[in-house]
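The primary structure of each chain is shown beneath.
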Amino acid sequence: MKKLGLIVNPIAGMGGKVGLKGTDGAEILEKARELGAEPESPQRTAEALRQLLPLKNEMDIVTYPGEMGEDVVIQSGFDPHLIGTIHKGRTDGTDTKRACQDLRSYGVDLLLFAGGDGTARDIYTAIEDTVVVLGIPTGVKMHSAVFACNPVRAGELSALFLQNKIKRVREAEVMDIDEESVRRGILTAKLFGYLKIPYERRHIQGLKAGSLPDERVSQQAIAQDIIENMDSDCTFIIGPGTTTRTILERLGLNHTLLGVDLVQEKRLLGTDLSEKQLLEHIKDKKDVKIIVTPIGGQGYLFGRGNQQISAEIIRRVGKENIIVAATVEKMTSFSGRPLLIDTGDMSVNRMLSGYIKVVSGYRDRIVYKVAY
Amino acid sequence: MTEKDKKKYRLRKNFHQAKWDEPIIFELHNPGERGILVPEVESEVVEAVGDGISALPENMVRKQGPALPEVSQMRVLKHYLRLSQHCLGADFNIDIGQGTCTMKYSPKIHKMLAGSPKVTEIHPWQDDDTVQGALEIMYKLETFLREISGMSRFSLQPSSGSAAIFIMASMVHAFHTFHGEAEKRDEIITTIFSHPSDAAAAAVKGYKIITLYPDEDGLVSVDALKEAMSDRTAALFITNPEDTGIFNPHIAEFTRIVHEAGGLCGYDQANANGILGITRAKEAGFDLCFFNLHKTFSAPHGCGGPASGALGVTEDLIDFLPAPIVDYDGEKYYLNDDIPHTIGKTRGFYGVFPVILKAYAWITSLGGQGLKEAAQVAVLNNNYLLENIKKIRGAASPFSAGKHRIEQVRYTWEQLTQDTGVTTEDVTCRMADFGFHLWSSHHPFVVPQPFTIEPTESYSKDELDEYLEGLRKVVEEAYDDPERVKNAPYNSVVHKIDHSTLDDPEKWAITWRAYLKKHGKSKRD
C-alpha cells in the first residue's frame, strides 16, 4: 500500500488577494483577515485530491489534524490516517516543519503540500531533500520550481508517481523573497536549496520521446561542451544551480549548490564567495568569464538567487564573457517569455538586454531574448 | 439560412473502429506451415551452378534457419488486412490534424502508374539506352522544379527530406572546403519553428547548431540572427513559413546578412504547400533548397509510402551536387557522373523512382496555374479553419494576432488545460472516437499543449466543418465532464496505453527477440 503524506498550509495565499505580497508573519495574517481574506488553500487542495480518488483503495493518505489536512481529506472522500497534534486556528511554520519531520519518520512515498514559497522553505529547512515532495500552488509567492502548474496537475502527477508510472525525480529550486523588503519596495530573492519532485516531461512530447535524454544527461552534455572550451588563462565565476553544478562535478571539484564558486585551470580558487570576495579575486585578472543558469520557475538570469554576481562584477566582466547554460527543456518552460535580469543597476540591465547565446547541449546553442 | 446552406456534414457519433484482437505475426507461428512450397531445383541447374550454398564463405552460412514465423498465405493476408483496419489511415479519415505533414490526396491513378510493369520491371543497372522514358521523366521533373524554385539544377537522389538536408550540409561543407574555410566555419543556424531535421541532419554532418527562438510576435528578429552570426557561420537552414504558419517577412534580409558574413543559405521547403507559384527560393536569396515530393507534390509519405527530397542549387553550387545527375545531349538522356567537385554518391542508384513519377504526374495533371491554385486553396482552407478554431472555447492561436496564416497554424489548448485539466493528448484520444486523427507530436512544447492543423487543398469545406464539429464536441465535453475526455478513447482499437514502459529500458522492446528476453519468455512458448 502506497502512502501519500499531505500538509496543507491553511493560510497560504491569503495575503495575495488583499495586496499584501505574502502571508508570512502573524501580524500580516491578522491584517489579511481584517481586509477580508478567505482561506483558499483547502479548496485548491481538494481539487488536487479529486484526481487521486481512483486510487482510493490503493493508497493511504497520512496527514495532520484539522485544517492542516484532515478536514480537506475527509471532505474529498478519503479516510485519512492522522498523526501529530495542532492548536486549531493557530498553526504556523513550526507546525509545517514538525509535520514533515513526522511524515518522514512515518515513511511516506510522496509528500504533497499546499502552500507557497514560504511553505516550501519550511519543508526544505525541516527535512531537506530526504523525501520526494510536490507542491500544490496556493501561495502568493511562486518563485520556487517545486509546484505543479495547477492543483489538478498536482493531483495527476501524484497519481502517476504513486502508480510508479513516473519513476524519475528531479531537483527543483526552493526560493523565497523577503516579504518585509518587498513591502518596502526592495525585492531580494534567495535560493534556499533544492527539493526532489517527480520528473514530468511537461515540455517534451511523451509518446515519441521515450528514449530522449533526461535532464541530468542534458546537463552533462552542456557541462562537457563548456569544459572543452575552458581557456586555461581564464577565471570562471560559476553561479548556483544544478546545470552549473554539473560542470564542477565533471571537473571533480567540490561545489556549493547555492553559492558562487571561482575556478581557474580546472581548480577551485574559492567557494561560496560573496560579492566583495569575488571582486577581490578578479581585480587583477584579465580574462574573467561568468557561467550562469536561469534560476527558479520564472527565468531570472541575474538578480534572483545569485545576487553575489552583482552589477559591478557583470559590468567588469562584460556581456561577451557571460556564458549562459540551460537545457532545452528549461528554456522551453519559459513559453517564449524572455529571460529576465534585475541587477539593481539600470545601465547593466540595459547592457544585458537584447539577445544572448545559451549553451543548450553539446555543440548546441540557442539564441534567446533577454529583458529587464 | 436556405435549405441549400444547411449542414451537409454530421459528426459520426456511432463511429467504431474494427477491433480484431489479432495476435502479432510471431504468435501465429505454426511449425511446418508454409505460404509457398518452393520447387526443387532441376538437376540440370544444380549441375550448372552448384547448390548455391557451398559457394558462400563458411562463416556466412547460418548454422540454424532464421526464426521467422511460419504462416500460410491466407492467414498472412487476413493478418495484415485486419491490422490495416486498426489504422486511421489518410484514405479513411479527415487527416488534417497532422499539421506540418498532412498528406494531400494522391490520385489513385498515379499509384497505378507507379505500379505498372513499365516501372516495376526496370532495373537501375540497365543501360541508359533501355530506360530513356524513365530518364526523360526525371529530367523533365527537374525542369519543372527549376521553374517552381528558380534554382539552376536539381538532384533527385536524396531519398527523404532529412537526407536532402544532410546533403545540403555536405554541400555547404564541400563549398567551404573549396574556399579553404571549412575548418573555421563549423556552425549552422536554424530556428526552433523550422523543420526539426534542419538542426538534426546538420548536426549529423558534424556542424554545431545555433537555434534562434522567436520574439513574442512569433517571428525570429533580424537582431537575433545577428547575435548568432560570426565568421564561424557556415550556413542558415530555415523553413519559411515556419511551423506556426507565419511567413517571415525579413527573409531576404536574413539571406543578405548571411551572405555578407560568407555563409550559405538553405531553404527547407519540405512543405511548400502554401507558396507554390507565389514565391520562390531564388528571389528570397537562397543558394540551396529542397522539396519533399512525398508531401508538397502529393506522393504519399511516412507509413503511406517512400520518400524523395528533391534538392535544388544555384549556379554556384552545381559543381558540388551529388553524382550522377540526369542530362540530355539533344538526342538522348543519360546519367552524368562528370561533376567537378561532387560530394559523391549519397545513396545506391539514382532516386526513388515511384515517388518521382507520382510527383511528375501530379504536376503535369495540374499544370502551372493549377499548382498556384492548389496553394491558394490550401491557404484559404487554413484561414477558414483558423477563424473557426479561434472561436472554440479554450483554444487559441499564439502569435501574430489578427493576421492570416499561410498553410497551417500551431494552436494551443493551454486555456482548456488550465480550465479543465484536459490536455492535447486527451483531446487527441477523444477525437479518435469520432474517427478523426489528431497528432500531438511537436516537441519541444515551445507552444504549450500544442496542436497543429493543416488542411491542404484536398479537403472539402464539408470535411473541414465535420472536423471543426469534432473539436467543438470534445471541448464541450471537456468543460461539462472532463473525465469523459480524459478516459477516451472508447470506440478505438486500443484504449489507454501505459506509456511509462517507454521510459523504462528494462521493459521496452523493439524486436520480438528483445520482448521475449525482457519479459522472461522463452522462444515460442
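Keep in mind it's a predicted model, so treat the numbers as computed, not measured.

Caption draft 1: The arrangement of the overall build of chain B in detail. Across its full length, chain B carries 15 helices and 11 strands. Taking all 525 residues of chain B together, 43% fall into the buried category. A fraction of 73% describes how many contacts in chain B between residues 6 or more apart in sequence connect residues 24 or more apart.

Caption draft 2: Layout of unusual backbone geometry. Here B:Ala323 and B:Pro324 are connected by a cis peptide whose omega angle stands at -5°. Residue B:Ala488 is joined to B:Pro489 through a cis peptide bond whose omega torsion reads 0°. Tracing the chain through its elements places B:Pro489 in the loop between helix H14 (482-486) and helix H15 (512-518). Phi is positive for A:Glu128, which is not a glycine, with a value near 45°. A positive phi angle is found at A:Lys266, which is not glycine, with a value near 60°.

Caption draft 3: Representation of the domain arrangement of chain A in the model. Residue and element names in this part refer to chain A. Along its sequence, chain A is carved into domain 1 (2-198) and domain 2 (215-371). Put simply, the middle of domain 1 and the middle of domain 2, counted by C-alpha atoms, are 31 Å apart. With 14 residues of domain 1 at the contact, the number on the domain 2 side is 12 residues. At the level of elements, strand S6 (169-177) and strand S7 (189-198) are the ones that each hand at least two residues to the side of domain 1 that touches domain 2. Considering every element that reaches the side of domain 1 that touches domain 2, the biggest residue donor is S7, with 5 residues. Grouping the constituent residues of the side of domain 1 that touches domain 2 by class yields 6 nonpolar, 4 polar and 4 charged.

Caption draft 4: Quick look at the packing of helix H3 (residues 108-115) of chain B against helix H10 (residues 353-390) of chain B. Residues and elements named next belong to chain B. At a minimum axis distance of 9 Å, the contact between H3 and H10 shows a crossing angle of 140°. As summarised for this structure, H3 and H10 are arranged oblique, according to the angle between their axes. In this structure, H3 meets H10 at a crossing whose hand is right-handed. On the side of H3, the interface is formed by His110, Leu113 and Ala114, while H10 contributes Pro354, Leu357, Lys358, Ala361 and Trp362. Residues that form the contact of H3 with H10 fall into these classes: 6 nonpolar, 1 polar and 1 charged.

Caption draft 5: The arrangement of the nonpolar core in detail. Ranked by size, the top nonpolar core spans 196 residues in total, and within it A:Leu112, A:Leu195, A:Val324, B:Met168, B:Leu288, B:Ile356 and B:Ala359 carry the most contacts. The element that contributes the greatest number of residues to this core is H10(B), accounting for 14 residues. Beyond its immediate sequence surroundings of up to four residues, A:Leu112 is in contact with A:Leu4, A:Gly5, A:Leu6, A:Ala48, A:Leu134, A:Ile136, A:Ala154 and A:Ser158. Core analysis: the next-biggest nonpolar cluster, separate from the first, contains 29 residues, B:Ala432, B:Leu471, B:Ala478 and B:Val485 among them.

Caption draft 6: Quick look at the interface of chain A and chain B. Contacts between the two partners involve 26 residues from chain A and, on the opposite side, 29 residues from chain B. Top element by residues in the side of chain A that touches chain B is strand S16 (residues 364-371) of chain A. It accounts for 6 residues. Taken together, the residues that form the side of chain A that touches chain B break down as 9 nonpolar, 9 polar and 8 charged. Where S16(A) lies against strand S3 (residues 208-212) of chain B, 4 bridges are found, and the strand directions are parallel. By the bridge assignment, A:Arg365 is partnered in S3(B) with B:Ile210.

Caption draft 7: How the structure looks around the environment of B:Ile318. All names here are of chain B. Turning to its location among the elements, isoleucine 318 is positioned in the loop between strand S7 (309-313) and strand S8 (325-328). C-alpha separation for the pair isoleucine 318 and serine 152, spaced 166 residues apart in sequence, amounts to 7.7 Å. Leave out the neighbours within four places in its chain, and isoleucine 318 touches Ser152, Arg153 and Val313.

Caption draft 8: Representation of the domain arrangement of chain B within the structure. Segmenting chain B into domains produces domain 1 (19-37 + 66-86), domain 2 (115-364) and domain 3 (372-499). Between the C-alpha centres of domain 1 of chain B and domain 2 of chain B the distance comes to 41 Å.

Reading the values: the criteria
- Residues numbered from 1 in each chain as written.
- Chains lettered and ligands numbered in written order.
- Predicted model: local features only at pLDDT ≥ 70, side-chain atom pairs only at ≥ 80, totals over all residues.
- Helix = DSSP H or I, 4+ residues; strand = E, 2+ residues; numbered from the N terminus.
- Buried ≥ 20, exposed ≤ 12 C-beta atoms within 10 Å, placed from the backbone.
- Contact = placed C-beta atoms within 7 Å.
- Domains from an automatic or database assignment.
- Nonpolar A, V, L, I, M, F, W, Y, C, P; charged D, E, K, R; others polar.
- Axes fitted to C-alpha atoms, helices over the stretch in contact; angles between N-to-C directions.
- Parallel < 35°, antiparallel > 145°, perpendicular 65-115°, else oblique.
- Left-handed = near helix turned anticlockwise from the far one by under 90°.
- Core = buried A, V, L, I, M, F, W, Y, C linked by C-beta atoms within 7 Å.
- Pairing = 2+ DSSP bridges.

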